[in-house]
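Chains, contacts and geometry: an overview
Spelled out from the first residue to the last, the chains are:
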Amino acid sequence: MSEATTHDARRVTVRAPAKINLHLGVGAPRPDGFHPLATVYQAVGLYDDVTVSTWDEWSVQVRYEGLLADPSATGRPADRGVEHTVPLGEDNIAVRAGRALLAHHGIVDVAAAITIHKSIPVAGGMAGGSADAAATLVALDRLWDLDTPDDDLLALAATLGSDVPFSLLGGTAGGTGRGELVEPLADAGSWWWVVVGNDTGLSTPEVYRTFDEMSDVTSLSEPELPPELLDALARGDVHALAEHLANDLQDPALALRPDLQATFDDGYDAGALECLLSGSGPSVLLLCADADHARSVTAAMHEAGHGRAVAVPAPVSGVHVVSYDGPVG
Ligand code: C5P
């Protein structure tokens, strides 16, 4: 490891995308409480940027960017005092990522200041926390010249959360196990989605609990990746994709948050090809035919009062370094 002190001027910024699930098949809970998944992840063009520098203690600052910072939209967490804000102390998933990386290398007595420029909705079902964890792993690996092999980073990521390995990978991928076992999938499409954020977050564990309550868990089969959806992706066929989108957490999330039905209705009225809950929600995804269609659907959603609707392309890359300031070498 290179010499790293509190006075080291280097700052590394890493960008990590939000994820959506084009298919989220959920099985009966395992003995460890997690659910077996067969999911198709896609990384979309909505990002958190994580900047790290060496510091004498761990600290995390969060700055809200894009629509999260736009006072004309309704979703500025800092202003609204919503219950789901990002924990800024040692509990923050980015700090846990940093500690896990250091423990992996047997390094002690080093810490970092972490600044998260957040555009991914908080508690929105888009793996914003996982993105921050993945970005922090890579940012600190580069800052401290640790040269952690990719397989080790993926294994560390899996200890931090089920979605964190996918945040590293990006693109379009199948996820099995509890979601942490990821494999890239063929994807010939240039897809456009409109993401409709929501002011109030949903708790992922609560959505899974509601799934258990609403299902006959004894009769649930082992989830499998759907061949028709994989075929639609490989062919880049947006109409076939629209037909085969599925999310087993959608009904439980709607049971907890019946108000989301109005967003689905507005999405169809706006002309979306299909509407889908993102992960465990509450963000709602509207599939569009192309960029022009996404622009018109976004405008219609704004008109209908969804100020946080935003058009995003997919698939996009996983975590990547976007700047490296200060002395090199
Ligand atoms: O892995 P992660 O920390 O993101 O999971 C958050 C929560 O979501 C878990 O504590 C669990 O309640 C639920 N979960 C689950 N099955 C999965 C993934 C997550 O039950 N495959």
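Quick caveat: nothing in here was measured; it's all calculated off a predicted structure. (Residues numbered from 1 in each chain as written. Predicted model: local features only at pLDDT ≥ 70, side-chain atom pairs only at ≥ 80, totals over all residues. Heavy atoms only, no water.)

1. Details of the packing of helix 3 (residues 93–105) against helix 5 (residues 150–160)
- Running from N to C, helix 3 and helix 5 point in directions that differ by 135°, and their axes come no closer than 10 Å. By the angle between their directions, the pair helix 3 and helix 5 is classed as oblique. Crossing angle aside, the handedness with which helix 3 passes helix 5 is right-handed. Along its contact with helix 3, which presents I93, R96, A97, A100, L101 and H104, the element helix 5 presents D152, L153, L156 and L160.
- Considered class by class, the residues forming the contact of helix 3 with helix 5 number 7 nonpolar, 1 polar and 2 charged. (Axes fitted to C-alpha atoms, helices over the stretch in contact; angles between N-to-C directions. Helix = DSSP H or I, 4+ residues; strand = E, 2+ residues; numbered from the N terminus. Parallel < 35°, antiparallel > 145°, perpendicular 65-115°, else oblique. Left-handed = near helix turned anticlockwise from the far one by under 90°. Contact = heavy atoms within 4.5 Å. Nonpolar A, V, L, I, M, F, W, Y, C, P; charged D, E, K, R; others polar.)

2. A look at the layout of surface pockets
- When its volume is computed, the largest pocket comes out at roughly 1100 Å³.
- Per-element tally for the lining of the largest pocket: the top contributor is helix 7 (residues 204–214), with 5 residues.
- Class assignment of the residues belonging to the lining of the largest pocket gives a composition of 16 nonpolar, 19 polar and 10 charged.
- Its volume calculated, the second largest pocket comes out at about 190 Å³.
- Taken together, V138, R142, D150, D151, L153, L154, L168, L169 and V319 make up the lining of the second largest pocket.
- Of all the secondary structure elements, the ones that give two or more residues to the lining of the second largest pocket are helix 4 (128–143), helix 5 and helix 6 (164–169).
- In terms of residue class, the lining of the second largest pocket is made up of 6 nonpolar, no polar and 3 charged. (1 Å grid on protein atoms, 1.4 Å probe; cavity = no way out; pocket = protein on both sides within 12 Å on 5 of 7 lines; lining within 4 Å. Points joined across faces, edges and corners; volume = space filled by probe spheres on them.)

3. Structural notes on the site of the ligand
- Around the ligand, the structure places G33, F34, H35, L37, G161, S162, R178, T204, P205 and Y208.
- Residue H35 places a side-chain N or O atom 2.7 Å away from an oxygen atom belonging to the ligand.
- For the ligand, whose free accessible area comes to 460 Å², the fraction covered by protein is 73%.
- Here the ligand is seated within the largest pocket.
- Considering each element in turn, the shell around the ligand owes the most residues, 3 residues, to helix 7.
- Taken together, the residues that form the shell around the ligand break down as 4 nonpolar, 5 polar and 1 charged. (Near = heavy atom within 4 Å. Polar contact = N/O pair within 3.5 Å; in protein donor to acceptor, adjacent residues only side chain to side chain. Areas by Shrake-Rupley, 256 points an atom, 1.4 Å probe, with all protein chains shown as cover. Sits in = over half its atoms within 2 Å of the grid points.)

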